[in-house]
Each structure stands twice: as structure tokens, then as C-alpha cells.
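Analysis of the macromolecular model
So the chains spell out like this:
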Amino acid sequence: MTSATEQQLDDREEAEPVHAPAPAEPDAFDQDRLPAPKNAQALLLRSLLRPHSRLVWLASVLLLVQQAAVQAGPLLVAYAIDNAIPQMREGRHGALIAVACGYLGCGVAAGALQRAFIRVAALISQDVLIELRARMFRHAQSLSLDFHERYTSGRLIARATSDVESIRELLTDGLEELIGVVLSVVYISVLLIFLDWRLGLVTLVSYVPLYVAIRRFQGRSMLAYRRRSTAIAAVIVKFTETMNGIRPVKAFRREQPNDTSFAELNHRHYRANGDAILEMARYVVTSRLIANIAVAGIVVWGAYRVAGGGMALGVLAAFVLYLRRLYDPIDRLGMFLNSYQSAAASLEKIAGLLAQTPTVPAPEHPVALPPTAQGHPGREVVFDRVRFGYRTGGEVLPPFDLRLPAGQTLAVVGATGAGKSTLAKLLARFYDPTGGRVLLDGVPLVDLSPADLRRGVVMVTQEAFLFSGTVADNIAIGRPDATREEVEAAARAIGAHDFITALPDGYDTDVRKRGGRISAGQRQLVAFARALLADPGVLILDEATSSLDIPGERAVQFAMQTVLTGRTAVIIAHRLSTVAIADRVLVMRDGRIVEDGTPADLIAGDGHYAQLDAAWREGLA
Ligand SMILES: Nc1ncnc2c1ncn2[C@@H]1O[C@H](COP(=O)(O)OP(=O)(O)OP(=O)(O)O)[C@@H](O)[C@H]1O
């Protein structure tokens, strides 16, 4: 589990001053930006757009033609000044009418094409966003437990909300303008050269300092956006972590310190945002200055040439109109680049997340579990020279062998940190051993299909988590195709039927809306009913450490015995009463099995379990 301390360390890592020089290479340990192959972003984008390739082509053609219609205007003005007006002086109005009709036609066509483009682009962007969210959800669910223990749920929420939102902003607001500006620069440059190559060349020369300014801005603003995106993720992480842990927050009066650390994170986001805006302001000032110098130079030179008869007045007028169209959006280009940078930073993070592969992969060629003996759901479990260490630390379980015959109930006891949960997690295949194999009825767990594995082994965790939905839905998670009768039968067998029917809507009570009414003991009963319905061959119970009242304790004990009947079971036991019902007890210390025997045998000895038992009994007395 990611402890609060680990989280704070992560937060502190992210809390570097914003103005500190950014590292040249992204830090691989900065978990907000997971390492990904270099072209992961491009591949992701391509894979998202591929199903819409026809629409992408259609949108491109619409935009190309629309820009051509838009850019025809100044050419028509030049024609009107240099040809239509002289013809009017001779009493011929045809050319002017043709120009006016052409201007109007281009305007109407540009509008209609833009409308069509917006509709097509909206179709593409909506589909891309839906697919992206679905992929992230699917992928995050498929990733193994060790990923989720390192990458907090707050970070995942940040990916699915603020990062997807910045991509949405680009797709729905910025992309059309960005491509429009690029297209208009290309069209206008060609037209300017066509109108007057000398002045056209001067315009092209002005692109050099503009290009330098844009590149500079892009580099700096990318860093600013990365910082901003990391900062907003930290804000979301802090927010979700605090609200998820609202009970300990209240119990330990953490409100004030939380306010302080949240304010720091919030302020960090504020500063990162400020940096991005400042970069934008610098760029706008520089690009305007360059544009104004270029326009002034071209107008002066153009005026001399018109005065000297080397250039038509209409051509100069068209030139000035085009220059306005060229340089005006260059300011806005910074803004669009900003939204592009922000989306690129987000896409980078999402691509990093999607590039993660499960460390506990499903087998390519699954092996089927053999059927169990008639009327006997239990399966044999074998740990064969198994050893294990978490990725982030040393060896937790040195090599060991363990065989559980089908139907045996094993209680695992030991001090905190002894390795009990780790052993259970290996059996549930939340992790794969670093060495050796875990076998279920002779089949290695790594060879079982996910469906067979979940039918074979079920783990009931301490917190007995309830999902939003009704009580019946929560029980049916054990077997989604179960009928209401089967759900009720499981609840009855566990002894949960009476309390469930006493709830306001019985089995249809929404556990989230009325979650407060379901006590810790009752939650455990629901979790047992769920496990009973799932009917696994092997059941792992991580017994809750919190003690219940005596009737609650009895109810849970009864339910536990019901659910264990005939199954192979591993119970991480914290109560004497639980160990007493086990066929066998395993005592663990520092990852090693130090005692193994029946409860009676171990009590009769003078080992660790005998001492533990004596202490328990003393406590009870
Ligand atoms: N996700 C993890 N990453 C790294 N180390 C871990 C992780 N989970 C547990 N550990 C370490 O592995 C060792 C065994 O932990 P484990 O949770 O299996 O003990 P336990 O006996 O179940 O303890 P408890 O009774 O407190 O739950 C401990 O040293 C613990 O710090």
C-alpha cells in the first residue's frame, strides 16, 4: 500500500520551486510522467484517428477549400482597383458587378464550408475523447496491483479529467484555428510572391525572426505547461486523498495542516500558470514588433514603387490587406500553440499511462482447471520454491515450499510486516513470485485464464468494500449471472438476510445513499455472501483487525464457517477464535515460516504460537 508518508514524499518531490531550472530529461521517477517509448504520443494519436481517416480527409479538404475562398478577397479588391474602376470610368460596369458577385460568393462559400468543417471536426473530436477515456479506464483496470500501489488514484483522476479536458479544448476550440493560421500563411505567402515577388521576398524574410520567436516560445511554454499540468495533478491528488481519508482527517484534526499543504500546492499551480501566461505575453510583444517593422518597411517601399509607376495601386492595397491577414493571427498563433502545448503535455502523460504493461499478464495459452471432486469445491494449493520481493525493496519472502491439501483451513499468524498479506497476494495472483511457482490443483496460476483464476481463488479483503448499487448488486458481484433467489439464498446461509430485509428497501437498498447504516460487521457479512455466491475452490480471508461487538463477532464467525465449508482456505488471522477453527496454523516471522502445525500441537509446544495463544487468552480473561 502507498502509505501516507510515501505520498507526502511524492508530494514533496513535486513541490520543487517552479522557478528552479527544469531538468533537461524528464525524471523517470517523477511518477506523474511515466516513462514511455519516444513515439508513444504519435502512435496514440494515430491509433485514435485511424478509425476516422475518411472524416479526417473530408475535414482537411473542407478546410483547404474554405481557406482558398477566404483568401480570394484581397485579390478581388486588387482587380477591382486596377481593372474594374478604370472600366467604370469608361461606362462599363460588368467587371465591378463580377467582382462584387465573386466577393459575395467567396464569403458565402467560406461560411458554408466552415460550418461543414466544424460539424465534421466535432464528430471526430467527440469520438476521439470517448475512445480515449474508455481506453484509459480499461487500461488502468487491467494494470496490476503494483502499478496502482505506486500510481495513486488521484493521479489517474487527473489523467482522466484535467488532461482529457486540455485535449478536448484543443480539439474543439484550438485545432481549427491553428490549422487555419498555418494554411493561411502558406496561401498568403504564395499569393504575395505571385502579386509582387520583391515585396513577397521581404515578407518571407520576416518569417525568420518570427520563426525564432515561435520556437523559443514553444520550448519555454512546453516546460511551463508540463509544470502546470504536474501542479494541477498534485492539487487533484491532494484533494482526493484528503476526501478519501476524511475520517482520519477529522479524527486526528488534520484540517489545518491539510489546509496549509493544499494552499502550497494550489499556489504552485498558480505560479506555474503565471509562468505560462508570462511566456505568452513575451511572445505576443515580440511577434507584434517584428510584424509592425515588416509592415512599415513593405508599405514604405511599396508606396515608392507605386509612385514611381513600378507597381499598381491595387496590388499594393491587396498586399497590405494580405499582410494584415498574415500578421494578425500570428499573435493568436501563440494562444493556439499554448493550447496545443497543453494538450501535447497531457497526451504525453496519457501515452505514458497507456504504455504501462501489466506485470501480472494473462497467459497466451491458458490451461483449464480440472474439475473438482463431486460436492467438494476445495482445491489443492502448492507453493513450489516460491520467493518474492516487491519491486521497490529487497526480498520479503525467501524461498519456501508449502502444500495445502484440498479443503484445509490454514490460519496464518505473525507480527505486523511478517509477510502474511504478501503470501496471500501471491496466492490470489495479485503479484507473480520472483522465483518458483504457485499451483492450483497442479496448474501454475500464471497459466490460468483470468476467468478460471477468479473462479478458483477469491480474496475477501479487510475493508469489505461495497460498490455503489444495491445490496443485491453487491452480493451478485460474486457471480453476475446469479438469480435473486440465489443471492438471497447466499445471504440467508451467511446469516445476513435478516439485517438486509430490515433495511429501508431490503435487498434493493442503495449502499452508497444509505451506506452509513451498514455497519462494519454487516459489510463483512455482505462480503462473505458475495464470496459464497462466487463459490471458489480457494478462499483467502484477510480478517479485519477492528473488533466487533459480541453479537457482531458471533455473526461474522458463523458466516466465516459457512463460507469455508469444503473449501481450501487461507485466513490471515487476528483473532484466537478464528485460529481455533483452523485445521492448521502457520506462524510467520520476517518472511519465513517458523512454525507449522495444528493449533493443538502448536499450543502444546513452547514456540511463538504457544506464547501468542497464552497472551490472547490472558487478554480475554
Ligand atoms: N506494496 C509494497 N511495496 C513494497 N513493500 C511492501 C509492499 N507491501 C508490503 N511490503 C513490505 O513487505 C513486508 C511484508 O508485508 P506484509 O504486508 O506482507 O506483512 P503482514 O504480515 O501482512 O503485515 P500486517 O499484519 O501488518 O498486514 C513488509 O516489510 C512490508 O513493508
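Residues numbered from 1 in each chain as written. Predicted model: local features only at pLDDT ≥ 70, side-chain atom pairs only at ≥ 80, totals over all residues.

1. A closer look at unusual backbone geometry
Peptide bonds are mostly trans, and most non-glycine residues show a negative phi. Look at Arg385: it is not a glycine, yet its phi comes out positive at around 50°. Structurally, Arg385 is set in strand 1 (residues 381-389). Taking the number of C-beta atoms within 10 Å as the measure of exposure, Arg385 has 11 and is therefore exposed. One non-glycine residue with positive phi stands out, namely Arg429, at about 55°. In this fold, Arg429 is placed in the loop between helix 11 (420-427) and strand 4 (435-440). Overall, Arg429 belongs to the buried group, with 23 C-beta atoms counted inside 10 Å. (Helix = DSSP H or I, 4+ residues; strand = E, 2+ residues; numbered from the N terminus. Buried ≥ 20, exposed ≤ 12 C-beta atoms within 10 Å, placed from the backbone.)

2. Considering the domain arrangement of the protein
Where interface size is given, it is often the accessible area lost as the parts come together that is meant. Taken domain by domain, the protein consists of domain 1 (36-354) and domain 2 (398-620). Here domain 1 and domain 2 have C-alpha centroids that lie 56 Å from each other. (Domains from an automatic or database assignment.)

3. Let's talk about helix 10 (residues 313-354)
Look at helix 10: 59 Å from first C-alpha to last across 42 residues, which is about the 62 Å you get at 1.5 Å a residue. Bending of helix 10 peaks at approximately 40° at the position of Asp331. (Expected span 1.5 Å × (residues − 1). Bend = angle between axes of the 7 residues up to and from the residue.)

4. Focus on the pairing of strand 7 (residues 538-542)
Of all five residues in strand 7, five are buried, a share of seventy percent or more. The side-chain alternation of strand 7 yields two buried faces, one formed by Val538, Ile540 and Asp542 and the other by Leu539 and Leu541. Inspection of the sheet shows strand 6 (residues 457-460) paired to strand 7 by four bridges, in the parallel sense. Bridging across to strand 7, Val458 finds its partner in Leu539. By the bridge criterion, five bridges tie strand 7 to strand 8 (residues 568-572) in an arrangement that is parallel. Its bridge partner lying in strand 8, Leu539 is registered against Ala569. (Pairing = 2+ DSSP bridges.)

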